[in-house]
Amino acid sequence: MEIRDAHFPGRAPLDAYGEGGFRFAEMSHRGSLLCVPSGIYGWNVCEPESFSQIAFDRVFQEQDDIEVLLIGTGRELRPLPQDLKVLFREAGILADPMSTGAAVRTFNVLLSEDRAVAAALLAVD
């Protein structure tokens, strides 16, 4: 049996969030998500304290195609660590932390406007 990382190869609006996961493209995913230009990936991060350069590695790999990164920090807004803010700024990415719900709604609007948007979303119950 082959186990692969969860991946949806494309961009899609997020239809729902909550109960520990997300729904999009007629599928559901349990856990956090990373939505970047190359697709939607399961993200092995469950709390803002785990935010690090390594956690956002895929974002930095695709930085040329990302202008805005929406970071859903859970039920409530949590600030980003200063060193991470600096890394995003140096990469030319506007990183905007907000609650996961606000990030999902904003992601869908910017995606519908065909903007260079990505999202890192912590799952909420």
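Computed from a predicted model, the values in this text were never measured in an experiment.

A.B. asks: Explanation requested: the pattern of salt bridges in the structure shown.
C.D. replies: Opposite charge on two side chains permits pairing when their charged atoms draw close. With the rule as written, the count across this model stands at two salt bridges. Note that Glu49 is salt-bridged to Arg78, the shortest N-O span being 2.3 Å. Here the residue Glu49 occupies a position in the loop between β6 (39-43) and α1 (57-61), and Arg78 occupies one in the loop between β7 (68-72) and α2 (82-90), the gap between them amounting to 29 residues. Taking the shortest distance from any N to any O, the salt bridge between Arg115 and Glu113 comes out at 3.7 Å. The class for Arg115 is partly exposed, based on a relative accessible area of 36%.

A.B. asks: Help me understand helix α3 (residues 100-112), please; the structure alone is not making it clear to me.
C.D. replies: Given 3.6 residues per helical turn, the α-helix brings residues three or four places apart onto the same face. For α3, which comprises 13 residues, the first-to-last C-alpha distance of 18 Å matches the rise-based estimate of 18 Å (1.5 Å per residue) to within 8%. Listed as buried for α3 are Thr100, Gly101, Ala103, Val104, Phe107, Leu110 and Leu111. Against β2 (14-18), β3 (21-24), β5 (32-36), β7, β8 (94-98) and β9 (117-121) lie the buried residues of α3. Just beyond α3, the residue with positive phi is Asp114, at close to 60 degrees.

A.B. asks: What exactly am I supposed to notice about the side chain of His29 here?
C.D. replies: Within the secondary structure, His29 sits in strand β4 (residues 27-30). Within the structure, the side chain of His29 is placed 3.2 Å from the backbone oxygen of Ser32, a separation counted as a polar contact.

About the thresholds
- Residues numbered from 1 in each chain as written.
- Predicted model: local features only at pLDDT ≥ 70, side-chain atom pairs only at ≥ 80, totals over all residues.
- Heavy atoms only, no water.
- Salt bridge = Lys/Arg side-chain N within 4 Å of Asp/Glu carboxyl O.
- Helix = DSSP H or I, 4+ residues; strand = E, 2+ residues; numbered from the N terminus.
- Buried < 20%, exposed > 50% of the residue type's maximum accessible area, 1.4 Å probe, protein only.
- Expected span 1.5 Å × (residues − 1).
- Contact = heavy atoms within 4.5 Å.
- Polar contact = N/O pair within 3.5 Å; in protein donor to acceptor, adjacent residues only side chain to side chain.

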